[in-house]
Amino acid sequence: MATEISGSTGVNKIQDGTIVNADIASGAAIAGTKLVMPTGSVLQVAHYTSTAANGTSTTVEPTNSAGIVLGILHVTPQQAGSSFLVTATWSYNWTQVNNYECVNIWLGRKIGTGNQSAPFTQIKKIFTDYNGADSGANDIYRRPNLVFIDTPSYSLGQTISYEQRFGSGRGSSNAYPVVYARNQSNMPPPNIIVQEIAG
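Here is what the cut-offs are and how they apply
- Once a new chain begins, its residue numbering starts again from 1 and follows that chain's sequence as written.
- At least 70 in pLDDT is required for a residue's local features to be given in this predicted model, at least 80 for side-chain atom pairs to be given and counted, and no such filter applies to totals for whole chains, interfaces and linings, which use all residues.
- Neither water nor hydrogens contribute to the side-chain values; these are computed over all heavy atoms in the structure.
- Helix numbering and strand numbering both begin at the N terminus, where a helix is a DSSP run of H or I of at least 4 residues and a strand a DSSP run of E of at least 2.
- Relative accessibility thresholds used throughout: buried, under 20% of the residue-type maximum; exposed, over 50%; partly exposed, between the two (1.4 Å probe, protein chains only).
- In what follows, a contact means two residues having at least one pair of non-hydrogen atoms within 4.5 Å.
- Following DSSP output, two strands are said to pair if at least two bridges run between them.

Trainee: Which parts of the structure should I look at to understand the overall build of the protein?
Mentor: Each helix and strand in the protein was counted, giving 0 helices and 12 strands. Each helix and strand of the protein, placed in order from N terminus to C terminus, yields the pattern β-β-β-β-β-β-β-β-β-β-β-β. Each of the 199 residues in the protein was classed as buried or not, and the buried ones make up 37%. Partitioning the contacts of the protein with sequence separation of at least 6, the portion at a separation of at least 24 is 81%.

Trainee: Looking at this model, I keep getting lost on the pairing of strand β10 (residues 159-170). Mind explaining?
Mentor: Side chains on a regular strand alternate between the two faces of the sheet. Of all 12 residues in β10, 11 are buried, a share of seventy percent or more. With 7 bridges connecting them, strand β3 (residues 68-75) and β10 associate as antiparallel partners. Note that in β10 the partner of V69 across the bridge is R165. Across 12 bridges, the pairing between strand β6 (residues 101-112) and β10 is antiparallel. Opposite W106, over in β10, you have R165 as the bridge partner.

Trainee: Any chance you could explain the environment of K124 here in plain terms?
Mentor: With respect to the helices, strands and loops of the structure, K124 is situated in strand β7 (residues 121-128). Judged by relative accessible area, which is 27%, K124 ranks as partly exposed.

Trainee: Explain the environment of L107 here, please?
Mentor: As for its position among the elements, L107 is in strand β6. On the basis of relative accessible area, L107 is assigned to the buried category, the value being 0%.

Trainee: Would you explain the pairing of β6 in this entry?
Mentor: Across the 12 residues that make up β6, a large majority, 10, are buried. With 7 bridges joining them, β6 and β7 adopt antiparallel strand pairing. Within the sheet, the bridge partner assigned to V103 lies in β7 and is T128.

In structure tokens:
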């Protein structure tokens, strides 16, 4: 049998072991870790904007140790079993001078205790602006984005870190073209937004 504690400041309403809204003071500070949100709820939104210098260039194909690093975003999940809606945007230009040239956009991920650092495991690497046999020496500016649901395996207390890179690319034995990061008022910088979605 539940014990009733009476008095002007006593607890005399939680006799069945259930806490309802009326039992909680309006100014009570309840940790988010104590709340379980329904499936599909957005638990948090994390983002960063790249500070890579405008005009930073490379002719190297991106890997987990090469290409231009645009930044790293760290997310510490609030619930177990979440998925993550990742929206990543790049900002660059390049000049195609041969057939079968392109740009590569790249994302890596690493999970562990605390903010993670390189090397990251590649999860996305995608050709952009691949024109095949169409070679035109025109200066091309692009701002592609990539939107996908990421469902990594993690434990509560761990941090999921995403690294964004880009670099040159080619589809044959031609030379790699020069690609340039853009970060200015009319060519906004790259960024990543990650939303944690309750599972």
